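Observations on the model geometry
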Amino acid sequence: MSPRTRGGYTSTAPRRRPTRSECRRRVQLREVEPEHPRHDRDETEEVLEGAPGGPIDRCILWSFHKHVAAKIWLGEDRAPLKLVNHGAKLQLWELDVERSRIYETVQRSGLALLISCSHRVASRPMLSAFCERWQPETTTFHLPFGEMSITLDDVASILHIPITGSMISFSQPLRVDDANALLVELLGTTDVEASRETEQCPFLLHLVGCTLFADKSATSVGVVYLELFRDLSMVGSYAWGAACLAFMYRQLTTATRFEVRQLGGYLTLLQAWIYEHFPEMFSSPDMSYIESRPRALRWRPHVIPDSLQSLRERLDRLQSSDVCWEPYVDHRAEHPFPDIAWFSRCIKCGLVVEPYHPERVLRQFRHIQTIPPRPFAPPRPDLSMLLDQYWERWTDHVLIDQSRGRRCQYSGESVAEYMAWYDRISHRIVQPPHLRSGFTTDARSSLPSHTASTSDSHNARALRLLRHVISGGRQQSGDYFWGALNEAHSILAGSDETSASHSTPSPAPASHSTPSPATRPFFCPPTFVYPPPASVDPPPASVDPPPASDDPPPLIVAPPPASVAPLAPAAGPTASTTVYVRSKRKKKT
């Protein structure tokens, strides 16, 4: 990737002084729509008008009218986002011991594992569906059951890059002359070559441009990151994980606008996070994975065959029990929980500053989710030094025990009043009811079971049951298929007998029974049911034995095809009736 001296950092075009009309228009826009939410608002001030489909109270999601989910609810659709993924480009660089100088520098930086754990494939529908649920004000995903987000613990476990150390800071955006001078100094190019964007760049600049700080330019990387490599002895002292997370937050925020068509950032982090917390819906695990390696290598990335609309509806039906809230339990022996994940301030990557709210996703830390306080807005860029001081003394800015609350008795636990509050301030359902391809057009069918009607809960139970049967494949017995389909039909028909029993039928005895979908953990793969031997499973008592007779049972004779001439059966007492079938199949006798 070539260093960029334009497109967000510097510009070669002469600046035009704005006219008076433009200045007045900009002032009016700033008065109507401030850049950041105002949290010093008086409590008696009138709340913003609610949006169709939620939120009812826009005191939190104040800019939701610009969100892509608001446009989708009103009938406008957006195609899956174009993804900026450079996982394949890293394979073109051979980093071995022979290049000792580069190899030692990359190892010392703590970024060497990014070469091997970067996903070559990213799923556009899956990442686009989750991007539609990202809310910039809270920096969290708003799902039907509550909020979730990518935390510093997720970054450390998935990528194994440092999340502690110095914040990545830049004094100010580079001008053209400063960028050219930096290229001449650090890349050894002439001033003429630097001004034309040289094609040669250090491996570290290429590495961070392809992974942590991949933006929508897709072919270049900001020259400003060269400042990080001015002193190579300090490369390993940066909090690369915190900077990557702040940059990912900003890319998700940008992609929530309806007119945006691309998604940047380190997509391996986002995709692996989805695999970890929703393993049964999207993931394909690698059975050769060992826990000493980054969790990004645990999964085999693949393209989800479902359409974007189908994934929207699947996410609309999600419940808290469908999430793996503790994905790193087996990984803690190799990678303990970092206390800095409780940091509750802003994280930054140069001039990109984003809030970090662990109090909004307490269930991901095995704590009971309470109603969080209002999110704080990022400070002004001129307060960058203050943020660095907060980060250096991060132990003084973590959530106190009182704010963390009690530990969960079960995964995904929340206080009783949380969902009522969440209903008012969030947009829980993305796909509008009249555009849904489900089994009902009633708006209530899109709501989770705790607010849905009885018929809607029956539909959810039947769909869950059928999903487990389909995922089991053809290795399950025919009786199991028949029993599961019969129960699903009874559920959809509103059978009282089925509504009193939630278990999955199984033709096998107790030793061969299969846990029902209601009791089976959502993150466990379905259990295959094999038909037991005939000696183990006697015929049911309700089935009458066949009548004793010396005569053979009657045979059903199929007429031969018109293109095949009938043959006379063999003569004698051992003659049998021949059933003719088409060619390339054995003749049955």
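Fair warning: this is a prediction, and the values are worked out from it, not measured in the lab. (Residues numbered from 1 in each chain as written. Predicted model: local features only at pLDDT ≥ 70, side-chain atom pairs only at ≥ 80, totals over all residues. Heavy atoms only, no water.)

**Examining the pairing of strand β8 (residues 346-349)**
On any regular strand, side chains alternate: one points to one face of the sheet, the next to the other face. As a reminder, the rule being used: Each residue is placed in one exposure class: buried if its accessible area under a 1.4 Å probe, protein chains only, is under 20% of its type's maximum, exposed if it is over 50%, and partly exposed if it falls in between. Working definition: helices are DSSP H or I runs of at least four residues, strands are E runs of at least two. Numbering for both runs from the N terminus. Pairing between two strands requires that DSSP report at least two bridges joining them.
Burial along β8 is two-sided: the residues Cys346 and Lys348 and Ile347 and Cys349 are all buried. Pairing of β8 with strand β9 (residues 352-355), which is carried by four bridges, proceeds in the antiparallel orientation. Along β9, the bridge assignment pairs Cys349 with Val352. Between β8 and the antiparallel strand that follows it, β9, lie two residues; Gly350 among them carries a positive phi value of about 70°.

**Some points on the confidence of the model for the protein**
Interpretation of the predicted coordinates at a detailed level should be avoided for regions scoring low in pLDDT. Inclusion rule: Confidence of the predictor in every single residue is expressed as pLDDT, which spans 0 to 100. Working rule for contacts: check all heavy atoms of both residues, and any pair within 4.5 Å makes them a contact.
Chain-level pLDDT for the protein is 74 on average; 60% of the residues reach the 70-or-more range. This stretch, residues 5-13, has a pLDDT under 50; its non-local contacts, to residues over four places away or in other chains, come to 20 contacts. Note that residues 194-200 has pLDDT below 50 and, in this model, 16 contacts with residues that lie over four places away or in other chains.

**What to know about the nonpolar core**
If you look at soluble globular proteins, the nonpolar side chains tend to sit buried side by side. Stated formally: Nonpolar core, defined: a set of buried Ala, Val, Leu, Ile, Met, Phe, Trp, Tyr and Cys residues in which side-chain atoms within 4.5 Å join the residues together.
Formed by 97 residues in total, the largest nonpolar core has its most connected members in Phe213, Tyr225, Trp240, Phe278 and Phe282. If you tally residues by element for this core, the top one is helix α10 (residues 240-255), at 11 residues. Setting aside residues up to four positions removed in sequence, Phe282 forms contacts with Met126, Phe130, Ile274, Tyr275, His302, Ile304, Leu311 and Leu315. Residues Leu61, Ala70, Met419 and Trp421 belong to the second largest nonpolar core, which totals 12 residues.

**Re the pattern of salt bridges**
Cut-off, in case you're wondering: Note on definitions: salt bridges are taken to be side-chain nitrogens of Lys or Arg within 4 Å of carboxyl oxygens of Asp or Glu.
Enumeration according to the criterion identifies 15 salt bridges in this entry. Of the charged contacts in the structure, one is a salt bridge between Arg404 and Asp401, with a shortest N-O distance of 3.9 Å. Taken together, the residues span about one helical turn, with Arg404 and Asp401 both in helix α15 (residues 401-404) at a distance of three residues. By relative accessible area, which is 17% here, Arg404 ends up buried. By sharing partners, the salt bridges in this structure join Glu276, Glu291, Arg295 and Arg298 into a single network.

**Some points on the packing of aromatic side chains**
Applied cut-off: Two rings belonging to Phe, Tyr or Trp (six-membered ring only in the last case) form a pair when the distance between their centres is within 6.5 Å. Interplanar angles under 30 degrees mark stacking, angles over 60 mark edge-to-face geometry, and anything in between is tilted. Only lysine NZ and arginine CZ atoms are considered, and such an atom sits over a ring when it is within 6 Å of the ring centre and within 35 degrees of the ring normal.
Overall, the coordinates contain 20 aromatic pairs when judged by the stated rule. Measuring from centroid to centroid gives 6.5 Å for Phe130 and Trp273, while their planes differ by 90°, and the two rings are edge-to-face. With Phe130 in helix α5 (residues 124-131) and Trp273 in helix α11 (residues 267-277), this residue pair connects regions lying 143 residues apart in the sequence. By the burial criterion, Phe130 is buried, and Trp273 matches it. Here a set of aromatic residues connected by ring pairs shows up, and it is made of Phe130, Trp134, Phe141, Tyr249, Trp273, Phe278 and Phe282. Positioned over the ring face of Phe258 is Arg261, at 5.5 Å from the centre of the ring. Lying over the aromatic face of Trp342, Arg404 brings its terminal NZ or CZ to 4.4 Å of the ring centre.

**A closer look at unusual backbone geometry**
Cis rather than trans, the peptide bond between Gly54 and Pro55 has omega equal to 0°. The topology assignment puts Pro55 in the loop between α1 (20-32) and α2 (68-73). Notably, His160 is not glycine yet its phi reads approximately 60°, a positive angle. Counting through the fold element by element, His160 comes out in the loop between α6 (152-159) and α7 (176-187). Despite not being glycine, Arg366 shows a phi value in the positive range, around 65°. Mapped onto the fold, Arg366 is located in the loop between β9 and α14 (384-392).

**What to know about the packing of α6 against α11**
Definition in use: Inter-axis angles, ranging from 0 to 180 degrees, are taken between N-to-C directions of lines fitted to C-alpha atoms, where helices are fitted over the stretch in contact. In these notes the angle categories are as follows: under 35 degrees is roughly parallel, over 145 is roughly antiparallel, 65 to 115 is roughly perpendicular, and the rest is oblique. Residues are grouped as follows: nonpolar covers Ala, Val, Leu, Ile, Met, Phe, Trp, Tyr, Cys and Pro; charged covers Asp, Glu, Lys and Arg; every other residue, Gly included, is treated as polar.
Direction vectors running N to C along α6 and α11 enclose 100°, while the axes themselves pass 10 Å from each other. Between α6 and α11, the angle is such that the two are roughly perpendicular. Residues Asp154, Val155, Ile158 and Leu159 of α6 lie in contact with α11, whose contacting residues are Leu269, Ala272, Trp273 and His277. Of the residues that constitute the contact of α6 with α11, the class distribution is six nonpolar, one polar and one charged.

**Quick word on the sheet that holds strand β4 (residues 140-143)**
Spatially, β3-β4-β5 is the arrangement adopted by the three strands of the open sheet, whose pairing is antiparallel. Looking along the sheet, the strands with just one partner apiece sit at the ends: β3 (134-135) and β5 (146-148). As paired elements, β4 and β5 share three bridges and run antiparallel to each other. Note that in β5 the partner of Leu143 across the bridge is Gly146. Sitting on the sheet, helix α16 (residues 418-425) is in contact with β4 and β5, with an inclination near 80° to β5.

**Let's talk about the packing of α5 against helix α13 (residues 308-316)**
The angle between the axes and the distance between the axes are what describe a pair of packed helices. Using the following cut-off: Here a crossing is called left-handed whenever its near helix is offset anticlockwise from the far helix by less than a right angle, and right-handed whenever the offset is clockwise.
Between α5 and α13, the least distance of the axes is 9 Å, while the angle of their chain directions is 50°. Classified by the angle between their axes, α5 and α13 sit oblique to one another. Handedness of the crossing formed by α5 with α13: right-handed. Mapping the contact onto sequence places Pro125, Met126, Ser128, Ala129 and Phe130 in α5 and Leu308, Leu311 and Leu315 in α13. Of the residues belonging to the contact of α5 with α13, the class tally is seven nonpolar, one polar and no charged.

**Description of the environment of Leu399**
Topologically, Leu399 is positioned in the loop between α14 and α15. Residue Leu399 is classed as buried on the basis of its relative accessible area, which comes to 9%. Along the backbone, Leu399 and His357 are 42 residues apart, and their C-alpha atoms lie at a distance of 9.7 Å. Residue contacts for Leu399: discarding those within four places in its chain leaves Trp342, Ser344, Pro358, Glu359, Leu362 and Arg404.

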